[in-house]
Amino acid sequence: MNEWLDKHMGRLFLAPAVTLILVFSIFPLVASLIMAFARIRFSAGGFKVRFVGWRNFEKQFFGSEQFHLIGTFTQISLLGWIFGLSVTAALLWWIWGYVRRHFTWFGFVGRLITLAMGLGITWLFAGTLLSGNLFGTIGTTLFYVLVGCAIQFVIGTALAYACSKNIRGKTAFRVIFFVPMMITPIGVGYIFRMMADTTKGPFSNVWQWVGLGDFSWAADPWAARIFIVIADSWQWIPFVFIMMLAAFESVSRDLTEAAELDGAGPWQSFREITWPHVLPIAATVMLIRAIEAFKIVDLPNIMTSGGPGIATESVSLQAYYAWRALDLGSASAIAYILLFVTVVICVSFFNLVVLARVRKQP
Amino acid sequence: MLRKFLGGTALALATAIAPMSASAEGHYDGVTVNILTRPGPVIAGRMVERGEEFKAMTGAEIRVAEVPFAEIFQKLLTDWATGTNSVDVGVFASGWGVELVAGGLVENLDPYIAADDKIDLQDIAPYFRDFNQKVEGSTYFITIDGDFQMMYYRTDVFADAGLEPPKTWEEYLEVGAKIHGMDMNDDGEPDFGSCTFMKRNAQSYFAIQSVAASMVQSKGTGEGLYFDPATMKPKVNNDAWKKAFEVFKASVAFNPPDVLNHDIGDTRSLALAGRCGMVIDWGDIGPLSIEDGSQIKDKVGAIIMPGSTEVLNVETGKLEACEASNCPHAVDGVNFAPFAAFGGWTGAVSATLDDQKKQAAYDFLSYMNQAEQSNVDVTMGWTGYNPYRNSQLEDTTAWVEAGFSEASAENYLSAIKESLNHPNMASDFRIPGAQQYTGVVLDRELARYLAGEITVDQALANIEEGWEEITDDFGREDQAKIYSLSLGITN
């Protein structure tokens, strides 16, 4: 018995953790995958499942929900063609360069997936935003990810760099900058919705005074999207700040002081010593933020309910609304589409941008 | 000091023992009834208070769990269908319940009602008694709130402007534009011609149906608003719904600037602050107008929803002038169709409970519904309960005691009576998938049209396509059968 225990002790210790992962992570993943290919109806004693093949996905890309997920397509404008063809050519040149220089099948297949995603997103924007058509929840989500993460990274990094220097009251700044991240997103949503309410919010008199009393940000698609990005940034800049602060503080002072002695200015010192040192951490921070940003749901739900129209609706919110209406098949299909987009973009970003830069460093 | 302490202890003991003594006599000692409904205090709050009374009388403990409005049905359906059964009673819109009944998840309450000598079913208004509480002729739901939409207007503002309340939707647009910008609460700021909830994923899809009803339905409740009962072909892509959408959008001009982000909480707070000339709402505005802090006490008139001088010809899809042949219920050439939006909050008992718990659950719903309790509850705005019993409408005493002036109470109750007893009252969806048809498809396309994303023709075509998909998904024949049954009973 003892011998058996000794032999299998490792597996026994691992068993609880593995079981938990299987039950709470793998099983829901498999169950939702099954749901994505089915229509489900609840009834007494359980539910009825009817498999419908790819119909839930087909509906999103080619059917009645196409406008909702990817947008409305009529004809592509001249600007759209120029943009689309230019990016397509660049992407094809990039993959051709890879094939010529260091081809491996594994790397090639990975890049083909990246290429397909890149072409899809390029023509999605070319056919919608750049052609005067409406884009769907994927376009809106990408806007939140690209614009939101960029703002958060720039401001968070700048604040972190400032606080890493010897300035007065930096401990107080650290605490203040960190507070928004501790507030629940629903609370943040309500706070910003109240603040921006021009009719009866606490700042309605201020809005009137500055001449914006008759302007409704919630009725304008771009103003609404930007307001959500502002609220999201307000909440998540602290995350970038705290991570980058730790990164900046880990840079050896010996190196920066040596550079100063050698005559390097602050900018040169930052560019040549500090930035290369914090780059891997910065890339990881952005990766984590991007993954989170793809899942944005609370803020558009609370601030605008996805409106005006579907202008501020993210993919996660679309899935949530479908789930709420008990359209579990569509909700699962949308969730898997988002998972695919997120994984491809984030893995591509990490492999092709971050790792490439890190490998180039001496 | 000692005397105070002893006195306090005795009082505490007496307080603790009193309910125990009462419950000791109760025949439901040890029984707990778990109720799921929307967040309080509206609807849920009064149930908690009445639950305490019920416990003192019977011993049954009433626990009220609250979930966001949009998630009530989903949580209830999954709880009951999957056998979780953490909920004993659901309180929700009766229209949603048809799907629960179809799934065999809800108890038929006919035997309980037959043995109940206190519920006085004949006092409940015919629409709620014979239509809202029933599916296929049997009673599955107990009404605790009567819901349909009315129009409210500021009597002082209309008097100052020399205007009459609107009888048609065209008049609504005219008077709304005329009073927009007037200072209605003497704060020096211009106010709004009308306040309507137009936010997506809120209540705007109810309001648009109130506008469309009088243009679509003219031959009585049994005609229905939504489908051809034989084929389940949607009757939405036509001139009547088109005009309703256009009227709704035109009214944005005299609503608050951020109306597209306003839900019912926003419009009510604006109305009570005296900033709205007209409001489309359920019956709540009346009782809310007399509450502390209201700027509109005794300044609110209530009327049946405006009507239409043209109605839909289902064959051609065009609007035709209202005449005796196509508008049998019209008054002075105007067809009215008050919309029973949401249908009211109703309670349903899970079919899986044991007999004692079922009886306890029914008894509590009956207690809430009985005139002795409900006639008081409907006069209090914060409860969210609106009238549904004849005795609540016939006597103004309780309303005057609650704070209404005699004239306001009479005006309010007469508008309710006019709507409630109207032979052309339009029913809300009462078929499986009701939430998907309206809460998802209609709501989303309306929001897109209001936001300028699509034209009215595109919106209506999309709704038609979406409704067809849902019908096919649930089974066209099954849906047609249930829809026909839902139209079978008229006032």
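Scoring rules and cut-offs
- Residues numbered from 1 in each chain as written.
- Chains lettered and ligands numbered in written order.
- Predicted model: local features only at pLDDT ≥ 70, side-chain atom pairs only at ≥ 80, totals over all residues.
- Helix = DSSP H or I, 4+ residues; strand = E, 2+ residues; numbered from the N terminus.
- Rg over C-alpha atoms; globule rule 2.2 N^0.38 Å.
- Buried ≥ 20, exposed ≤ 12 C-beta atoms within 10 Å, placed from the backbone.
- Contact = placed C-beta atoms within 7 Å.
- Pairing = 2+ DSSP bridges.
- Axes fitted to C-alpha atoms, helices over the stretch in contact; angles between N-to-C directions.
- Core = buried A, V, L, I, M, F, W, Y, C linked by C-beta atoms within 7 Å.
- Domains from an automatic or database assignment.
- Nonpolar A, V, L, I, M, F, W, Y, C, P; charged D, E, K, R; others polar.
- Right-handed = clockwise from strand over helix to strand, strands pointing away.
- Left-handed = near helix turned anticlockwise from the far one by under 90°.
- Parallel < 35°, antiparallel > 145°, perpendicular 65-115°, else oblique.

> Please give an account of the overall build of chain B that cites residues and values.
For chain B, the count of helices and strands is 20 helices and 14 strands. Its C-alpha atoms give chain B a radius of gyration of 23 Å, within 12% of the compact-globule value 23 Å for 491 residues. Expressed along its principal axes, the backbone C-alpha trace of chain B runs to roughly 75 × 60 × 40 Å. The 491 residues of chain B split such that 54% are buried. Restricting the contact set of chain B to residue pairs at least 6 apart, pairs at least 24 apart contribute 76%.

> Requested: an account of the sheet that holds strand β9 (residues 300–303) of chain B, with residues and values cited.
Residue and element names in this part refer to chain B. With antiparallel pairing, the 3 strands of this open sheet are ordered in space as β8-β7-β9. Every interior strand has two partners, whereas the edge strands, β8 (278–281) and β9, have only one. Put simply, the sheet's adjacent strands are angled 25° from each other on average, direction ignored. Sheet topology places strand β7 (residues 150–154) next to β9; 4 bridges connect them, and they run antiparallel. Bridge pairing in β9 places Tyr-153 opposite Gly-301. Against the sheet, helix α17 (residues 406–420) engages β7 and β9, with an angle of about 15° to β9.

> Go over the nonpolar core, please, and point to the residues and values.
One finds Met-244 and Ile-334 of chain A together with Ala-244 and Phe-364 of chain B to be the most contacted residues of the largest nonpolar core, which totals 220 residues. Ranked by residues supplied to this core, first place goes to helix α10 (residues 221–249) of chain A with 14 residues. Setting aside its immediate chain neighbours within four residues, Met-244 of chain A contacts Gly-156, Thr-157, Ala-160, Val-278, Ala-282 and Val-285 of chain A.

> Describe in detail the domain arrangement of chain A, supporting the description with residues and values.
Interfaces are often described in size by the accessible area the parts lose on coming together. Residue and element names in this part refer to chain A. According to the domain assignment, chain A consists of domain 1 (76–131) and domain 2 (134–360). Summarising the inter-unit geometry, the C-alpha centres of domain 1 and domain 2 are found 26 Å apart. Facing the 8 residues of domain 1 at the interface are 9 residues of domain 2. Residue classes in the side of domain 1 that touches domain 2 are distributed as 6 nonpolar, 2 polar and no charged.

> Got a sec to walk through the pairing of strand β1 (residues 32–37) of chain B? Specific residues and values, please.
All names here are of chain B. Examined bridge by bridge, β1 and strand β2 (residues 61–66) share 6 bridges and lie parallel to one another. The partner of Asn-34 across the bridge, within β2, is Arg-63. Crossover handedness for the path β1 to helix α2 (residues 44–58) to β2: right-handed. Here 2 bridges tie β1 to strand β3 (residues 89–93), and the two strands are oriented parallel to one another. Each residue of the ladder has a partner; that of Ile-35, found in β3, is Val-89.

> Explain the sheet that holds β1 of chain B to me, using residue names and the numbers behind them.
Residue and element names in this part refer to chain B. In space, the 5 strands of this open sheet follow the order β2-β1-β3-β13-β6, with mixed pairing throughout. The sheet terminates laterally at β2 and β6 (142–143), the two strands that pair on one side only. In this structure, β6 lies alongside strand β13 (residues 345–349), joined through 2 bridges in antiparallel fashion. Of the residues in β13, the one forming a bridge with Ile-142 is Gly-347. Strand contacts of α2: β1 and β2, with the helix running at about 165° to β2, the strand carrying the most contacts.

> Could you give an account of the interface of chain A and chain B, with specific residues and numbers?
Each partner contributes to the interface: chain A provides 32 residues, whereas chain B provides 35 residues. Every element with two or more residues in the side of chain A that touches chain B is listed here: β1 (38–43), β2 (46–51) and α14 (315–324) of chain A. Here the residues of the side of chain A that touches chain B sort into 14 nonpolar, 12 polar and 6 charged.

> Let's hear about the packing of helix α11 (residues 253–261) of chain A against helix α12 (residues 266–294) of chain A: which residues, and what values?
Residue and element names in this part refer to chain A. In the contact formed by α11 and α12, the axes pass within 10 Å of each other and the chain directions differ by 145°. In this structure, α11 crosses over α12, and the sense of that crossing is right-handed. Along its contact with α11, which presents Leu-255, Thr-256, Ala-259 and Glu-260, the element α12 presents Ser-269, Ile-273 and Thr-274.

> Could you give an account of the packing of helix α9 (residues 204–216) of chain B against helix α10 (residues 239–250) of chain B, with specific residues and numbers?
Residue and element names in this part refer to chain B. Packing of α9 against α10 brings their axes to within 8 Å, and their N-to-C directions diverge by 140°. Judged by the angle between their axes, α9 and α10 are oblique. The two elements α9 and α10 meet at a crossing, and its hand is right-handed. Side by side, α9 and α10 meet where Ile-208, Val-211, Ala-212, Met-215 and Val-216 of the first sit next to Ala-240, Trp-241, Lys-243, Ala-244, Phe-245, Val-247 and Phe-248 of the second.

> Hey, could you go over the pairing of β3 of chain B for me, with residue numbers and the actual values?
All names here are of chain B. Of all the 5 residues making up β3, 5 are buried; the element is thus mostly covered by neighbouring parts of the structure. Two strands pair when backbone bridges link them, and β3 and β13 are joined in this way by 5 bridges, in the antiparallel orientation. Pairing of Ala-93 across the sheet is with Trp-345, part of β13.

> Please provide a residue-by-residue account of the environment of Thr-342 of chain A, values included.
All names here are of chain A. Within the secondary structure, Thr-342 is located in helix α15 (residues 328–360). For Thr-342, a count of 18 C-beta atoms within 10 Å corresponds to the partly exposed category. Along the sequence, Thr-342 and Lys-295 sit 47 residues apart, while their C-alpha atoms lie 9.0 Å from each other. Setting aside chain neighbours within four positions, we find Thr-342 in contact with Ile-291 and Phe-294.

> Quick one: what's the story with α14 of chain A, residue by residue and with numbers?
All names here are of chain A. The buried count for α14 comes to 9 of 10 residues, which makes it a mostly enclosed element. Taken together, the buried positions of α14 are Val-315, Ser-316, Leu-317, Gln-318, Ala-319, Tyr-320, Tyr-321, Ala-322 and Arg-324. Note on α14: the residue one or two positions beyond its end, Leu-326, has a positive phi of about 65°.

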